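One-letter residues, chain by chain:
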Amino acid sequence: MKILVINAGSSSLKYQLIDMDNEQMLAKGNCERIGNTGSFIGHKTADGRQMTKEIDMPDHKTAFLQVKDALLDAEYGVIKELSEVSAIGHRIVQGGALFSESVIVNEEVIKGIESLIPLAPLHNSGHVQAIRGCLSVFGDSVPEVVVFDTAFHSTMPQKAFMYAVPYEYYEKYQVRRYGFHGTSHRYVSGEMAKNMGRDIKDLKLITCHIGNGSSITAVDGGKVIDTSMGLTPLDGFLMGTRSGGLDPSVVTFIAEKEGFTPEEMSQMLNKKSGLLGISGVSSDDRDVSAAEKEGNERAHLAHEMLYYQIAKYVGGYMAALGGCDGIVFCAGLGENQAQLRKEVCDYLKFFGVKLDDAANEATRGKTGRISADDSKIEVWVIETNEELVIARDTKALVEKNA
């Protein structure tokens, strides 16, 4: 069974075709600047063939036509007929309280995703456009499945997901903590249990998805009890361009002083803060690291803040879990930034965390244990694979409903 995995935004569409017989990626690519000038598709196969083509893509339907053409292309394609695609799985950022598990797409499901657009305006609107565009190109004979970033976090108890604002706003607008990166946290927590040789039901784990967007999750017996992102992906700790959590009065104070509208304030907190806002250099940690090596004090401060805030969350979740068996680092920085892992784990020595420095330095962009043999808590780097989670859910649902 070959499954096409889709991760669509308002102006982008990433895809990956996976052969589920061996769970191997056959081809992947992305369509960028959909609906804007200069749109293009980049396509790459598992055996190294690459193609980039600039082409006008006014909407997601046009983008899916380009994906179809790329997969079937005589030179760069990996299938001979579209019928080889057995099913399509979509990543959906916000499932709200409506969706606690993956489901097969129908009109009712699409309308449910549409109803959650106010909670994730850019993401969910792009997802809906992608689903409808996909249906128009592939037809309704190819089953489609939606997998929600928020679903893995649906096991959080009310004491963890509620905000201390008047209860009526939870009732009227569903204002609560939802959490994100759920497919990543779900994948790496499962892989961590396998690597430790233990049943996940017996483990207390803390998974750290650290990238341009970052979140940390406490997983007890395979179920989430708390996570750092909130109503939106802005909550938590310092990220590439996001501020993370802060005193709400900071928002009203700056808005009043600068005369910012709510939208302008949101843009500042989401797009101009974090590593970029503190360092003044870049949202890309590689640029911030280079600046720090050159003696840039603000770049150094940005890193100090990041390491400190991550360690605070991990320590707090150890208390929430009542202990900890394992810590996982994943995603761009988590998998590749050895210095980040060392600095965070140095804060955790009090809990018996001890790194193997050589293993930590050697483990970049690959899965491996980085804690010392005598560490009381195992620490691992695990390559996350959200696309595989989506493909597995899609396969299971399609086979169940066949």
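All values reported here derive from a predicted model rather than from experimental measurement.

Conventions used here
- Residues numbered from 1 in each chain as written.
- Predicted model: local features only at pLDDT ≥ 70, side-chain atom pairs only at ≥ 80, totals over all residues.
- Heavy atoms only, no water.
- Helix = DSSP H or I, 4+ residues; strand = E, 2+ residues; numbered from the N terminus.
- Rg over C-alpha atoms; globule rule 2.2 N^0.38 Å.
- Buried < 20%, exposed > 50% of the residue type's maximum accessible area, 1.4 Å probe, protein only.
- Contact = heavy atoms within 4.5 Å.
- Areas by Shrake-Rupley, 256 points an atom, 1.4 Å probe, with all protein chains shown as cover.
- Lys, Arg positive; Asp, Glu negative; His and termini not counted.
- Charge placed at Lys NZ, Arg CZ, Asp CG, Glu CD.
- Axes fitted to C-alpha atoms, helices over the stretch in contact; angles between N-to-C directions.
- Parallel < 35°, antiparallel > 145°, perpendicular 65-115°, else oblique.
- Left-handed = near helix turned anticlockwise from the far one by under 90°.
- Nonpolar A, V, L, I, M, F, W, Y, C, P; charged D, E, K, R; others polar.
- Pairing = 2+ DSSP bridges.
- Phe/Tyr/Trp six-rings, centres within 6.5 Å; stacked < 30°, edge-to-face > 60°.
- Lys NZ or Arg CZ within 6 Å of the ring centre and 35° of its normal.
- Disulfide = S-S within 2.5 Å.
- Core = buried A, V, L, I, M, F, W, Y, C linked by side-chain atoms within 4.5 Å.
- Polar contact = N/O pair within 3.5 Å; in protein donor to acceptor, adjacent residues only side chain to side chain.
- Salt bridge = Lys/Arg side-chain N within 4 Å of Asp/Glu carboxyl O.

Draft legend 1. The overall build of the protein chain, seen in detail. When you go through the protein chain residue by residue, the secondary structure sums to 15 helices and 14 strands. What you see for the protein chain is a C-alpha radius of gyration of 21 Å, in line with the 21 Å of a compact globule of 402 residues. By the burial criterion, 50% of the 402 residues in the protein chain qualify as buried. For the protein chain, the proportion of contacts with a sequence separation of at least 24, taken over those separated by at least 6, is 60%. Here the protein chain has roughly 18,500 Å² of accessible surface; of this, 49% comes from carbon and sulfur atoms. Each charge class in the protein chain can be summarised by its mean position, and for the 42 positive and 55 negative side chains these summaries are 2 Å apart.

Draft legend 2. Structural view of the packing of helix α2 (residues 107–115) against helix α3 (residues 121–138). Between α2 and α3, the shortest axis-to-axis distance is 9 Å and the interhelical angle comes to 155°. The angle between α2 and α3 falls in the class roughly antiparallel. Pair α2 / α3 crosses with left-handed handedness. Contact residues: α2 offers E107, I110, I113 and E114, while α3 offers N124, V128, I131, R132 and L135. Broken down by class, the residue content of the contact of α2 with α3 amounts to 5 nonpolar, 1 polar and 3 charged.

Draft legend 3. Quick peek at the sheet that holds strand β11 (residues 223–227). Ordered in space as β11-β10-β9-β12-β14-β13, the 6 strands form an open sheet in which the pairing is mixed. If you trace the sheet from one side to the other, it starts and ends with β11 and β13 (368–369), each paired once. Bridge analysis of strand β12 (residues 326–330) against strand β14 (residues 378–381) gives 4 bridges, and the strand direction is parallel. The partner of G326 across the bridge, within β14, is E378.

Draft legend 4. Inspection of the packing of aromatic side chains at higher detail. Within the structure shown, the criterion is met by 9 aromatic pairs. Aromatic pair Y169 and Y173: ring centres 6.2 Å apart, planes at 10°, arrangement stacked. Highlighted residues: Y169 and Y173, both in helix α5 (residues 167–173), separated by 4 residues, approximately one helical turn. Assessed through its relative accessible area of 47%, Y173 is described here as partly exposed. Between the NZ or CZ atom of R176 and the centre of the ring of F161, over which it lies, the distance is 3.7 Å.

Draft legend 5. A look at the sheet that holds strand β5 (residues 50–54). Here we have 8 strands laid out as an open sheet, ordered β5-β4-β3-β2-β1-β6-β8-β7, and mixed in their pairing. A single partner strand is all that each edge strand has here, and the edge strands are β5 and β7 (103–104). Pairing geometry for strand β1 (residues 2–8) and strand β2 (residues 13–19), over 7 bridges, is antiparallel. Across the sheet, V5 pairs through a bridge with Q16, a residue of β2.

Draft legend 6. How the structure looks around the state of the cysteines. Applying the stated criterion across every chain, the model contains 0 disulfides. Not part of a disulfide, C134 finds its nearest cysteine sulfur in C31, a span of 12 Å. Under the relative-accessibility criterion, C134 is labelled buried at 0%.

Draft legend 7. Examining the nonpolar core more closely. By size, the foremost hydrophobic cluster in this structure holds 34 residues, and its most contacted members are I206, I216, I310, V314, M318, I327 and L340. Elements represented by at least two residues in this core include exactly β9 (204–210), β10 (214–220), α10 (285–293), α11 (297–321), β12, α13 (338–347) and β14. Setting aside chain neighbours within four positions, we find I327 in contact with M192, I206, C208, V314, M318, L348, V353, I377, E378, V379 and W380. Core analysis: the next-biggest nonpolar cluster, separate from the first, contains 30 residues, I18, V147, L203 and V224 among them.

Draft legend 8. Layout of the environment of T45. Its location among the elements puts T45 in strand β4 (residues 40–45). Once the C-alpha coordinates of T45 and M25 are considered, the two residues, 20 residues apart in sequence, prove to be 8.2 Å apart. Those residues within four positions of T45 in sequence are excluded, and the remaining contacts are L26, A27, Y76 and V78. Side-chain polar atoms of T45 contact the side chain of D47, separated by 2.4 Å.

Draft legend 9. Structural context of the pairing of β2. β2 sits mainly inside the fold: 6 of its 7 residues count as buried. With 7 bridges joining them, β2 and strand β3 (residues 24–32) adopt antiparallel strand pairing. Across the sheet, the residue bridging to L13 is C31, located in β3. Counted along the chain from β2 to the antiparallel partner β3, the turn is 4 residues long, and its residue E23 has a positive phi close to 55°.

Draft legend 10. Broad picture of the environment of N30. Along the chain, N30 turns up in strand β3. Classification of N30 as partly exposed rests on a relative accessible area of 23%. Taking the C-alpha atoms as reference, N30 lies 6.7 Å from H43; in sequence the two are 13 residues apart. A distance of 2.9 Å separates a polar atom in the side chain of N30 from a polar atom in the side chain of E32.

Draft legend 11. Just the side chain of D226, in detail. Relative to the helices and strands, D226 is located in strand β11. Of the side chains with opposite charge, R177 lies nearest to the buried D226, which makes no salt bridge, at 4.2 Å. The contacts of D226, once residues within four sequence positions are left out, are M156, A160, R177, I216, T217, A218 and Y317.

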